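# An overview of the molecular structure
The lines below spell out each chain.
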Amino acid sequence: MTQEAAFTATIEKDQRIEPRDWMPDGYRKTMIRQIAQHAHSEIIGMQPEGAWITRAPSLRRKAILLAKVQDEAGHGLYLYSAAETLGADRGDLTRRLIEGRQKYSSIFNYPTLTFADVGVIGWLVDGAAICNQVPLCRSSFGPYARAMIRICKEESFHQRQGYELLMTMMRGTEAQRDMVQDAVNRWWWPSLMMFGPPDAESPNTAQSMAWKIKRHTNDELRQRFVDMSVPQASALGVTLPDPDLRWNPEREHHDFGEIDWSELKRVISGDGPLNAERIEHRRRADEDGEWVRSAAAAHAAKKQGVRG
Ligand SMILES: [Fe+2]
Ligand SMILES: [Fe+2]
């Protein structure tokens, strides 16, 4: 059997491709790009909520938020490690992020204006991430699929903590309820954009589905998310900001309004509300960590020298 036939057979049998296996260049490149983009999103995604750690309203809320933001750092690290099994270098990936040559999820370019945003990010943004990521636990690349299993477990904690925070606020004062509704109004549409462009404009989807990197299309996952969120919104007592949102008994799904795709394009291309600030923050963090990396490298070299 040729290498290519072995690769195809593995995919067809729904088995995993491992780093030692032969794989087409396109598969390797697509996988590195997707995993890196995902890792960058986890790390940049620490910023919007991280901004509230020092201002959390109680010790309990602070402990929960710290744990959540630290989880996101962990997700980034598992994913950079998965990318390294494909021959990528973490330092190089970070440079690409800082230089704007690799992307991260557009959602993290929006500001967190009140503490209700922490709850809404947990509920909607981590909720959308779960919809996207649960099928990735069966992704054809072994290290990525295995990392996703643990990540998804932690994401469901993130979603629950957000929902519980919002429930608490909704049982509070009028001002708290208004804060929650305002945050929902601002995050709902960007959350729908997290699933990417519509299928008709997503040229890589077909190849990624054939390689079983992706299991569902963007529009399928977006629909699943809408259907899941509607009953949760009504249990919370918030209104989703879409006058066209209604149950369609023929489709057995919710219909929803047109997404402003020009906004997604603008934010992805770097012109969102906080793109420059997010990258600048990441660049500074990278510079601040330089002494740790060089100390670790010097230590490793010294130890090798003693042994050698
Ligand atoms: Fe995460
Ligand atoms: Fe998360």
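Preceding this section is the structure that the text describes.
Residues numbered from 1 in each chain as written. Chains lettered and ligands numbered in written order. Predicted model: local features only at pLDDT ≥ 70, side-chain atom pairs only at ≥ 80, totals over all residues. Heavy atoms only, no water.

Surrounding the iron ion (ligand 2) are the protein donor atoms Glu 72 (OE), Asp 126 (OD), Glu 155 (OE) and His 158 (ND1), which sit 2.0 to 2.2 Å from the metal. Taken together, the 4 donor atoms coordinating the iron ion (ligand 2) and their angles of 85 to 160 degrees define a geometry best described as irregular. Sequence positions of the residues that donate to the iron ion (ligand 2) give the spacing E-x53-D-x28-E-x2-H. Here the iron ion (ligand 2) and the iron ion (ligand 1) are spaced 3.4 Å apart, and both take Glu 72 as a donor. A residue pair is termed long-range when its members are at least 10 positions apart, and Asp 126 in helix H6 (residues 116-133) and Glu 155 in helix H7 (residues 142-170) qualify at 29 residues. Residue Asp 126 is classed as buried on the basis of its relative accessible area, which comes to 4%. Residue classification places Glu 155 among the buried positions, given a relative accessible area of 2%. (Donors = N, O, S within 2.8 Å, 3.2 Å for Na, K, Ca; no water. Tetrahedral: all angles 85-135°; square planar, octahedral: opposite > 155°, others 65-115°. Helix = DSSP H or I, 4+ residues; strand = E, 2+ residues; numbered from the N terminus. Buried < 20%, exposed > 50% of the residue type's maximum accessible area, 1.4 Å probe, protein only.)

Here we come to the pattern of salt bridges. Applying the stated rule across the entire model yields 23 salt bridges. The residue Glu 49 makes a salt bridge to Lys 68 at a minimum N-O spacing of 2.7 Å. On the criterion of sequence distance, the pair formed by Glu 49 in helix H3 (residues 46-50) and Lys 68 in helix H4 (residues 59-84) is long-range, its members being 19 residues apart. We note that Glu 49, like Lys 68, is buried. The shortest N-O distance in the salt bridge between Glu 164 and Arg 60 comes to 3.4 Å. Of this pair, Glu 164 sits in helix H7 while Arg 60 sits in helix H4, and the two are 104 residues apart along the sequence. The partly exposed category is assigned to Arg 60, whose relative accessible area is 49%. (Salt bridge = Lys/Arg side-chain N within 4 Å of Asp/Glu carboxyl O.)

Protein coordination at the iron ion (ligand 1) comes from Glu 42 (OE), Glu 72 (OE), His 75 (ND1) and Glu 155 (OE), with a distance range of 2.0 to 2.2 Å. Read from N- to C-terminus, the donor residues coordinating the iron ion (ligand 1) fall into the pattern E-x29-E-x2-H-x79-E.

We now examine the environment of Leu 166. On the secondary structure map, Leu 166 appears in helix H7. For the pair Leu 166 and Gln 181, spaced 15 residues apart in the sequence, the C-alpha separation amounts to 9.8 Å.

Interpretation note: all reported values are geometric properties and have no functional meaning in isolation.
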